[in-house]
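# Structural overview
Spelled out, the chains give:
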2 protein chains.
Amino acid sequence: MSDDLAARLREQGLRLTPQRQLILRAVEELGHATPDDVLAHVRSQVSSVNASTVYRTLEVLEELGLVRHTHLSDRAPTYHSTTEHEHVHVVCRRCHAVRSYDPSLVGPLVAALSEDGFTVDVGHLAIFGECAECAASSERNAIARTLSKE
Amino acid sequence: MSDDLAARLREQGLRLTPQRQLILRAVEELGHATPDDVLAHVRSQVSSVNASTVYRTLEVLEELGLVRHTHLSDRAPTYHSTTEHEHVHVVCRRCHAVRSYDPSLVGPLVAALSEDGFTVDVGHLAIFGECAECAASSERNAIARTLSKE
DNA sequence: CTGAATGCAAACATTTTGCATGGAT
DNA sequence: ATCCATGCAAAATGTTTGCATTCAG
């Protein structure tokens, strides 16, 4: 995988540096990580890596197609490795649980938009809503409230 | 519409202020506006409205169900009025054009996830990708590049 | 009058930029 | 030796917070 890094960098006349290797590895190991997560992880191994390097490197890695980002919260974006198979993110806004789904989940959507000539970026998709558990618990609370008023 | 504002505020023991009216009106008039857009628009009519008031008010208006927000870029969120019928946002990452689609576009997706007990927040959905026009123009460029190399 | 809402300033979180230095090729 | 990449510091961007003041109810 990291051979990929060297190869792709070379293709573009870019250079292989320890930081770039570490940052790519961090993304691969962390799963869904914000730039800050990546920074912390890299720093736990090697001191003195700079935040701006993380930002610049994530940008490069994304251009090379080695990582991708999505927005799983209203805050910082999260990056993940493209060695994972492509997936759609489904996020519960209440408990913040993130589940990954097979791209076939949005097959009909992709098909419908492709009729308009639009190509969906499936890997970037984040679908927000409320998960089963949270719906159940908030329903329980509503019932409890009702009962206590009687 | 603004009667709604007064009514809903009262329900919650909150107060009707000129700022709240202006900010709601701004969102309605602007369509898809960032907090900063809203601030600028309101200030063009009345001087001295504060950014923090805009943030706090948008939060209140969203809790009251009068506005909604989505993320149409990697930058600031955009707010729109809920008097518009609910819609799904489709965004071209290249030309940044935003098209609104009927929620039926994601009907199958909503149905599939509801089988897992997950309720999709359709109005918050933003689907990124590349539109027909941009695909066509980038293809033209690719061909032009190829030809010039021969 | 009372407490909710505003303005202001400062803090905070995240990201970007310019520039000198360092290091990969 | 070249010039890309890094570190550092400062600035830019977007948002939140505490507190005194104001004003809606």
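Residue positions are counted from 1 within each chain, in the order its sequence is given. Each chain takes a letter, starting from A, and each ligand takes a number, starting from 1, following the order in which they are written. Per-residue local features of the predicted model are confined to residues with pLDDT of at least 70, and side-chain atom pairs are confined, for both listing and counting, to 80 or more; whole-chain, interface and lining totals are unaffected and use all residues. Values shown for side chains rest on all heavy atoms present in the structure; no hydrogens or waters enter the calculation.

Note the following rule: UniProt positions are given in the numbering used here, feature names are shortened, and annotations may be inferred rather than shown by experiment.
Going by the annotation in an unreviewed UniProt entry, the name recorded for chain A is Fur family transcriptional regulator, with Nocardioides astragali given as the source organism. Recorded in UniProt for chain A, the comment headed Sequence similarities (unreviewed entry) runs: "Belongs to the Fur family."

### A look at the protein's contact with DNA strand D
What counts is decided by this rule: Consider each residue's heavy atoms; a residue with any of them within 4 Å of a molecule or strand counts as near. Polar contact is defined as a pair of N or O atoms within 3.5 Å, subject to the rule that within protein one atom must be able to donate a hydrogen and the other to accept it, and that residues adjacent in sequence are counted only when both atoms are side-chain atoms. All amino acids are sorted into three groups, where Ala, Val, Leu, Ile, Met, Phe, Trp, Tyr, Cys and Pro are nonpolar, Asp, Glu, Lys and Arg are charged, and the leftover types, Gly among them, are polar.
Residues in contact with DNA strand D amount to 20 residues; listed here are only the nearest, Gln19, Arg20 and Thr53 of chain A together with Tyr55 and Pro77 of chain B. Counting only atoms of DNA strand D within 4 Å of the protein, the fraction found in sugar and phosphate groups is 65%. In the environment of DNA strand D, a phosphate oxygen lies 2.5 Å from a nitrogen or oxygen atom belonging to the side chain of arginine 20 of chain A. Leucine 16 of chain B is positioned with one of its backbone polar atoms (N or O) 3.2 Å from a sugar or linking oxygen of DNA strand D. Of the residues that constitute the surface near DNA strand D, the class distribution is six nonpolar, eight polar and six charged.

### Topic: the pairing of strand S2 (residues 78–81) of chain A
Residues and elements named next belong to chain A. Where we set the bar: In this scheme, a residue with accessible area under 20% of its type's maximum is buried, one over 50% is exposed, and one in between is partly exposed, where area comes from a 1.4 Å probe on protein chains only. What counts as a helix is a DSSP run of H or I of at least four residues, what counts as a strand is a run of E of at least two, and both are numbered from the N terminus. Strand pairing requires that DSSP identify at least two bridges connecting the strands.
What you see with S2 is no split at all: Thr78 and His80 on one side and Tyr79 and Ser81 on the other are buried throughout. Inspection of the sheet shows strand S1 (residues 67–70) paired to S2 by four bridges, in the antiparallel sense. In the sheet register, threonine 70 faces S2, and the bridge partner there is threonine 78.

### Notes on helix H4 (residues 51–63) of chain A
Residues and elements named next belong to chain A. Here is the rule we go by: Each helix should span, by expectation, one fewer than its residue count multiplied by 1.5 Å. By arc we mean the arc of the directions from the helix axis to the C-beta atoms, nothing more.
With 13 residues, H4 extends 19 Å from end C-alpha to end C-alpha; this agrees with the ideal 18 Å at 1.5 Å per step. Residues of H4 that are buried: Val54, Thr57, Leu58, Val60 and Leu61. An end-on view of H4 places all buried positions within 165° of arc, on one side of the element. Opposite the buried face of H4, at more than 90 degrees from it, the exposed residues are Tyr55, Arg56, Glu59 and Glu63. Once H4 ends, the next one or two residues include glycine 65, with phi positive near 80°.

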